[in-house]
Amino acid sequence: MSTPPLASGPDGPAALRPLLDTVLDALTSGARARSGPLPAGGPQAVTARITDALGDVLPEHGDPDALRTLVHALAEGAADPADPLCAGHLHSPPLAVATAADLAVSALNPSLDSWDQAPGASALEAEVTRALARHIGLADALATTGGSESNHLALLIARETHGGVRLVCGANAHHSLPRAAWLLGLPDPVVVPAPRGTLDPAALDAALTALSGPLLVAATAGTTDAGLIDPLPEIAGLCTAHGARLHIDAAYGAGLAFSDRHREKLAGLQAAHTVTLDLHKLGWQPAAAGLLAVARPRDLAALHHRADYLNAEDDTEAGLPDLLGRSLRTTRRPDLLKTAVTLRTLGRTGLGALVDQVCARAREFAELVREHPGFDLYDRPTISTVCFRPAGASDDTVAALRRRLLHEGRAVLGRARLDGRLWLKATLLHPHTRPDELAQLLKLAEGTTPR
């Protein structure tokens, strides 16, 4: 049996080229077989198709057609964020140029746990993370897998910097924040009311007045349910007055900083000690593309760790960069290459135009809902999320409608519980969505469109 070719090295590109044709053809045929935003038939039907394509997962002898078969099966079984009717979650369709750049990372396979495994990638990551942090008014940033890891790191850095800390967050905060407090052995978080979906400053002031010891206030710029932004300047002022540390979870909203039209919604962001960013949302990057920005780089000393085979002290003194303190992970991909390529290719104005487009589509969809007598609109969108529900419907009816659209493979809508009621959620992250597609999405939510 001949030795399989490698993806890198002198012969790597020639070995990859025909395989890429196979992948692209299988993606096309799989999408054609799916013929919608997600596969029809629900979990059992999808599982059956995947199981059939897999066959024996570890056969005695290999199948040279496995690449085509399994990529086709995955594409056929995908919920495709590039379909305008797939609008349920904060999961954007990736840009082609970013996806192409990500292929280079897979082929070269650097690992950012020591400089001698990723010389160029480590230099690139350092430059890109600092540039993105400075763009939002902070000093440096760490690459993460997304918002949850960034939030976890923010709590860890606060705990280590202050010798312990207690989390104070709104009832609207992302679930990863109280979960991180639990994982880190911190006291139970103090949860502040968010009566209109955003953290109440008066209630926060009262809570901070009553509490003692090191405190970390977590605010949100872009909630996962309705895309709302907490009153960041007021919260920052309260943190300063009470001596509390401030973390802002801007996993969703940070992308607004690229837009001249929308960046003012992030006023107060620069007052934070740490900020979560997630560019596989309003950045159109393939996952993973998260960052944690920090105002004081010295706080990152809390992550310092020594492993002689990766960052021996004499190597560091000799000038080899120490990468181990830049993450809790050891082996990790240089995920910032695709982001660097995107930033250089589109520029800030190009990314800002994409942000403006999805925000405009959300306003247009909200207006369609508002004008429709058969629907209730929760509120006009702050970013690109629109929450709505059939007028007069029960929560059970709303939930069943969403599941039926999923089962039939016709549309992906999310769900959000707001003001004690269940709402359908459309998160519009597809910049090429057309007005007729917005109308079709609303028509499907009516439940009257024939199959």
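The structure reproduced in this document is the subject of the present report.

The helix and strand tally for the chain stands at 14 helices and 11 strands. In terms of C-alpha radius of gyration, the chain reaches 23 Å, essentially the compact-globule figure of 22 Å for 451 residues. Seen through its C-alpha atoms, the chain measures out along the principal axes to roughly 65 × 60 × 40 Å. Classification of the 451 residues of the chain by burial places 50% in the buried group. In the chain, the proportion of contacts linking residues at least 24 apart, taken out of those at least 6 apart, comes to 70%.

Within helix H7 (residues 176-183), the full set of buried residues consists of Ser 176, Leu 177, Ala 180 and Ala 181. Relative to the axis of H7, the buried residues are bounded by an arc of 145 degrees and lie together on one face. Facing away from the buried side of H7 by more than 90 degrees, the exposed set consists of Arg 179, Trp 182 and Leu 183. If you follow the buried residues of H7, they end up packed against helix H6 (147-162), strand E2 (166-170), strand E4 (215-220) and strand E5 (245-249). A positive backbone phi angle near 70 degrees is found at Gly 185, which sits one or two residues after H7.

So, on to helix H8 (residues 201-210). Burial in H8 covers these residues: Pro 201, Ala 203, Leu 204, Ala 207 and Leu 208. Projected down its long axis, H8 shows its buried positions confined to an angular sector of 155 degrees, all on one face. Turned more than 90 degrees off the buried face of H8, the exposed positions are Ala 202, Thr 209 and Ala 210. Next to the buried residues of H8 lie E2, strand E3 (190-192), E4 and helix H9 (232-242). The opening residue of H8, the one whose side-chain oxygen lies 3.2 Å from the backbone nitrogen of Ala 202, is Asp 200.

Pairing within the open sheet is mixed, and its seven strands lie in the order E1-E7-E6-E5-E4-E2-E3. Among the strands making up the open sheet, the edge pair consists of strand E1 (140-144) and E3. This sheet shows a mean twist of 20 degrees between the axes of neighbouring strands, independent of strand direction. Examined bridge by bridge, E2 and E4 share four bridges and lie parallel to one another. If you follow Leu 167 over to E4, its bridge partner there is Leu 216. Across the sheet, H8 lies against E2, E3 and E4, angled at about 155 degrees from E3, the strand it touches most.

Moving on: the side chain of Ser 327. When you line up the elements, Ser 327 lands in the loop between helix H11 (313-317) and helix H12 (336-371). For Ser 327, the side chain forms a polar contact with the main-chain nitrogen of Arg 329, separated by 2.9 Å. Those residues within four positions of Ser 327 in sequence are excluded, and the remaining contacts are Glu 149 and Arg 332.

Another aspect to go through is the nonpolar core. Of all hydrophobic cores here, the largest spans 57 residues; its most connected members are Leu 204, Val 217, Leu 246, Ile 248 and Val 275. When residues in this core are grouped by element, the largest group, seven residues, is from H12. For Ile 248, the contacting residues outside a window of four places in its chain are Ala 219, Ala 221, Leu 232, Gly 268, Leu 269, Ala 272, Thr 274, Val 275 and Thr 276.

Judged by side-chain charge, Asp 116, Asp 308, Glu 313, Asp 314, Asp 315 and Glu 317 come together as a negatively charged surface patch. Examining the composition of the negative patch, we find that four residues originate from one element, H11, more than from any other. Here Glu 313 shows up in helix H11. The class for Glu 313 is partly exposed, based on a relative accessible area of 49%.

A regular strand places its side chains on the two faces of the sheet in alternate fashion. Counting buried positions along E5 yields five of five residues, so the element is predominantly enclosed. Neither face of E5 is left uncovered, since the one carrying Arg 245, His 247 and Asp 249 and the one carrying Leu 246 and Ile 248 both have all their residues buried. In terms of strand pairing, E4 meets E5 through five bridges, oriented parallel. Within E5, the position partnered with Val 217 by the bridge is Leu 246. Of the pairings in the sheet, the one linking E5 to strand E6 (residues 274-278) comprises three bridges and is parallel in character. Within E6, the residue paired with Ile 248 across the bridge is Val 275.

Analysis parameters
Residues numbered from 1 in each chain as written. Predicted model: local features only at pLDDT ≥ 70, side-chain atom pairs only at ≥ 80, totals over all residues. Heavy atoms only, no water. Helix = DSSP H or I, 4+ residues; strand = E, 2+ residues; numbered from the N terminus. Rg over C-alpha atoms; globule rule 2.2 N^0.38 Å. Buried < 20%, exposed > 50% of the residue type's maximum accessible area, 1.4 Å probe, protein only. Contact = heavy atoms within 4.5 Å. Arc of directions from axis to C-beta. Polar contact = N/O pair within 3.5 Å; in protein donor to acceptor, adjacent residues only side chain to side chain. Pairing = 2+ DSSP bridges. Axes fitted to C-alpha atoms, helices over the stretch in contact; angles between N-to-C directions. Core = buried A, V, L, I, M, F, W, Y, C linked by side-chain atoms within 4.5 Å. Patch = residues over 30% accessible without salt bridge, like charges linked within 9 Å, V, L, I, M, F, W, Y side chains within 5 Å. Areas by Shrake-Rupley, 256 points an atom, 1.4 Å probe, with all protein chains shown as cover. Salt bridge = Lys/Arg side-chain N within 4 Å of Asp/Glu carboxyl O. Lys, Arg positive; Asp, Glu negative; His and termini not counted. Charge placed at Lys NZ, Arg CZ, Asp CG, Glu CD.

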